[in-house]
Amino acid sequence: QQQVKQSPQSLIVQKGGISIINCAYENTAFDYFPWYQQFPGKGPALLIAIRPDVSEKKEGRFTISFNKSAKQFSLHIMDSQPGDSATYFCAASWAGGYQKVTFGIGTKLQVIP
Amino acid sequence: DAGVTQSPTHLIKTRGQQVTLRCSPKSGHDTVSWYQQALGQGPQFIFQYYEEEERQRGNFPDRFSGHQFPNYSSELNVNALLLGDSALYLCASSLTGLGHIQYFGAGTRLSVL
């Protein structure tokens, strides 16, 4: 049972381009949507997160767009750099208390020079 | 400020054996969650500990058990290992009331032969 569906599973983008990763969720009770970045041999690191009362959040070159009615959200990486090459996971959770994080399958991003 | 630390880094076991993995949370954090990440997949929630008690559990059999110590560190135990238990085991820590904001360690890579 995949509560968070993520696509594409792999993505190749040229340096300077825009990387776009999409996610859809099923459980409308989720109210916290983080994105994690994972490099080989490392654990996932929290990159950026959004609550459903906001339609967009931007931090540097990273932007989350959120569509509550469609139950979809996406990560945009502007001016993609080779150092951005990593696996990105979208996730969903409930804010506060004792909460597990439900992850998507991941997107392996490769930024080529 | 030390982040989440896990030991050992790598482990090789044979089917039927038992294994114990260890985790020290980020300084100041009191809640520890464990995840299993199979190759090419997103992390899957195993269970979460707070105040030395299991607070939530994912869809994992009783062969997976855990413990939290008074200093908030935690252990994950897996009995009767199966080939399918081969994965990266991740520990994440969080602060009371902010359980949705989780910081991950680098993980323990378990190989079951």
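Residues numbered from 1 in each chain as written. Chains lettered and ligands numbered in written order. Predicted model: local features only at pLDDT ≥ 70, side-chain atom pairs only at ≥ 80, totals over all residues. Heavy atoms only, no water.

Novice: Hey, could you run me through the overall build of chain A in this one?
Specialist: Along the backbone of chain A there are zero helices and eleven strands. For chain A, the succession of helices and strands along the chain, N to C, is β-β-β-β-β-β-β-β-β-β-β. Here the C-alpha atoms of chain A give a radius of gyration of 13 Å, agreeing with the 13 Å that 2.2 N^0.38 yields for 113 residues. Across the 113 residues in chain A, those meeting the buried criterion constitute 47%. Contacts spanning at least 24 positions in sequence make up 54% of the contacts within chain A whose residues lie at least 6 apart. Surface summary for chain A: the accessible area is close to 5,400 Å², and the carbon and sulfur share equals 49%. Taken together, the 11 basic and 7 acidic charged side chains of chain A have centroids lying 5 Å from each other. (Helix = DSSP H or I, 4+ residues; strand = E, 2+ residues; numbered from the N terminus. Rg over C-alpha atoms; globule rule 2.2 N^0.38 Å. Buried < 20%, exposed > 50% of the residue type's maximum accessible area, 1.4 Å probe, protein only. Contact = heavy atoms within 4.5 Å. Areas by Shrake-Rupley, 256 points an atom, 1.4 Å probe, with all protein chains shown as cover. Lys, Arg positive; Asp, Glu negative; His and termini not counted. Charge placed at Lys NZ, Arg CZ, Asp CG, Glu CD.)

Novice: Would you explain the nonpolar core in this entry?
Specialist: Among the nonpolar cores identified, the biggest contains 23 residues, and Phe33(A), Trp35(A), Phe73(A), Leu75(A), Tyr88(A) and Leu109(A) are the most heavily contacted of them. Those elements giving two or more residues to this core turn out to be strand 2 (10–14), strand 3 (19–25), strand 4 (33–38), strand 5 (45–50), strand 7 (62–67), strand 8 (72–77), strand 9 (86–92) and strand 11 (107–112) of chain A. Ranked by the residues each element gives to this core, the list is headed by strand 9 of chain A, at four residues. Among the nonpolar cores identified, the runner-up in size contains 20 residues, and Cys23(B), Tyr49(B), Phe64(B) and Leu110(B) belong to it. (Core = buried A, V, L, I, M, F, W, Y, C linked by side-chain atoms within 4.5 Å.)

Novice: How should I be thinking about the interface of chain B and chain A in this particular structure?
Specialist: Note on interface size: it is often stated as the accessible area lost on association of the parts. In this assembly, 22 residues from chain B lie in contact with 21 residues from chain A. Taken together, the two surfaces of chain B and chain A that pack against each other cover about 1,700 Å², and 58% of this comes from carbon and sulfur. Between the two partners, chain B and chain A, sit zero salt bridges. Applying the counting criterion to the chain B and chain A interface returns five residue pairs in polar contact (both at pLDDT 80 or more). (Buried area = accessible area lost by both parts, 1.4 Å probe. Salt bridge = Lys/Arg side-chain N within 4 Å of Asp/Glu carboxyl O. Polar contact = N/O pair within 3.5 Å; in protein donor to acceptor, adjacent residues only side chain to side chain.)

Novice: I'm lost on the pairing of strand 5 (residues 44–50) of chain B in this one. Help?
Specialist: Two faces, one strand: in a regular strand the side chains alternate between the faces of the sheet. Residues and elements named next belong to chain B. Among the seven residues of strand 5, six are classified as buried, and the element is accordingly described as predominantly covered. Sheet topology note: the strand 4 (residues 31–37)/strand 5 ladder contains six bridges and is antiparallel. By the bridge assignment, Val32 is partnered in strand 5 with Tyr49. Between strand 4 and strand 5, which pair antiparallel and follow one another directly, the connecting turn spans six residues, one of which, Gly40, has a positive phi of 75°. For strand 5 and strand 6 (residues 53–57), the ladder comprises four bridges, and the chain directions are antiparallel. For Phe47, the partnering residue across the bridge sits in strand 6 and is Arg57. Adjacent in sequence and paired antiparallel, strand 5 and strand 6 are bridged by two residues, among which Glu51 carries a positive phi angle near 50°. (Pairing = 2+ DSSP bridges.)

Novice: Explain the sheet that holds strand 7 of chain A here, please?
Specialist: As a general point, the strands of a sheet are linked pairwise by backbone hydrogen bonds and lie either parallel or antiparallel. Residue and element names in this part refer to chain A. Spatial strand order, 1-3-8-7-6: five strands in an open sheet with antiparallel pairing. On the outer flanks of this sheet lie strand 1 (4–7) and strand 6 (56–59), each paired with one strand and no other. Averaged over all pairs of adjacent strands, the angle between strand axes in this sheet comes to 15°, irrespective of strand direction. Summarising the sheet, strand 7 and strand 8 pair through six bridges and their orientation is antiparallel. (Axes fitted to C-alpha atoms, helices over the stretch in contact; angles between N-to-C directions.)

Novice: Please clarify how a nonpolar patch on the surface should be interpreted in this entry.
Specialist: On the surface, a nonpolar cluster with roughly 240 Å² of combined accessible area is contributed by Ile18(A), Ile20(A) and Met78(A). As for its placement among the helices and strands, Ile18(A) is situated in the loop between strand 2 and strand 3. (Patch = residues over 30% accessible without salt bridge, like charges linked within 9 Å, V, L, I, M, F, W, Y side chains within 5 Å.)

Novice: Quick question: what am I supposed to make of the environment of Trp35(A) here?
Specialist: All names here are of chain A. Summarising the element assignment, Trp35 is placed in strand 4. Judged by its relative accessible area of 0%, Trp35 falls in the buried class. For the pair Trp35 and Ala86, spaced 51 residues apart in sequence, the C-alpha separation works out to 12 Å.

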